[in-house]
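# Summary of the model geometry
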Amino acid sequence: MIQISPFPIYEAAMVKISILYPNSKGSRFDLSYYSQTHMPMAIDLLGTHTGFKGVSVEHGLGGAIPGTEATYVAMCHYHFDAVESFMAAFTPHAATLQNDMQNYTDIEPVIQVNEVLIAR
């Protein structure tokens, strides 16, 4: 790790795969099922891959202006050492995870792949 105050820059590459669920009026999202059933299953399936670095799950509470709606009802961020590692972990379980989506949402997620430049 290279230290550049105040943030450390990690030499090892890391990517973050973000799965974002837009907060659309009239849409359905079962946060309890997502956080207590779907995500533990996903972590069990993907977390065994050697490239897996971690995951976070977030629930949107509000927008930038007090009293406004959050842009996303929920977000999941997988951290892997490389996109190829994520794909190797995800692909064998894609059908299982995607078929389970009907149990918690009717929202089409937005997926973004990010290169992590700074992490602490």
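Use the structure listed above.
Report on the accompanying structure. None of these values were measured; they are calculated from a predicted model.

## Regarding helix α1 (residues 31-46)
For α1, the principal kink sits at His38 and spans about 35 degrees; a proline, Pro40, occurs within the next four residues. Among all positions of α1, only Tyr34, His38, Met39, Ala42 and Leu46 are buried. Looking at the buried residues of α1, the elements they touch are β3 (15-22), β4 (52-59), β5 (72-80), α2 (83-90) and α3 (94-100). For α1, the N-terminal cap is Asp30; the gap from its side-chain oxygen to the backbone nitrogen of Ser32 is 3.2 Å.

## Section: the sheet that holds β4
Taken together, the 4 strands give an open sheet; going across it, the order is β4-β5-β3-β6, and neighbouring strands pair in antiparallel fashion. The strands lining the two open edges of the sheet, one partner per strand, are β4 and β6 (110-115). Each neighbouring strand pair of the sheet contributes to a mean axis angle of 15 degrees, computed without reference to strand direction. For β3 and β5, the ladder comprises 8 bridges, and the chain directions are antiparallel. Directly across from Ile17, in β5, lies its bridge partner Tyr78. Of the strands in this sheet, β3, β4 and β5 touch α1, which is tilted by about 15 degrees from β5. In the packing of α2 onto the sheet, the strands contacted are β3, β5 and β6, and the crossing angle to β5 comes to about 110 degrees.

About the cut-offs
- Residues numbered from 1 in each chain as written.
- Predicted model: local features only at pLDDT ≥ 70, side-chain atom pairs only at ≥ 80, totals over all residues.
- Heavy atoms only, no water.
- Bend = angle between axes of the 7 residues up to and from the residue.
- Helix = DSSP H or I, 4+ residues; strand = E, 2+ residues; numbered from the N terminus.
- Buried < 20%, exposed > 50% of the residue type's maximum accessible area, 1.4 Å probe, protein only.
- Contact = heavy atoms within 4.5 Å.
- Polar contact = N/O pair within 3.5 Å; in protein donor to acceptor, adjacent residues only side chain to side chain.
- Pairing = 2+ DSSP bridges.
- Axes fitted to C-alpha atoms, helices over the stretch in contact; angles between N-to-C directions.

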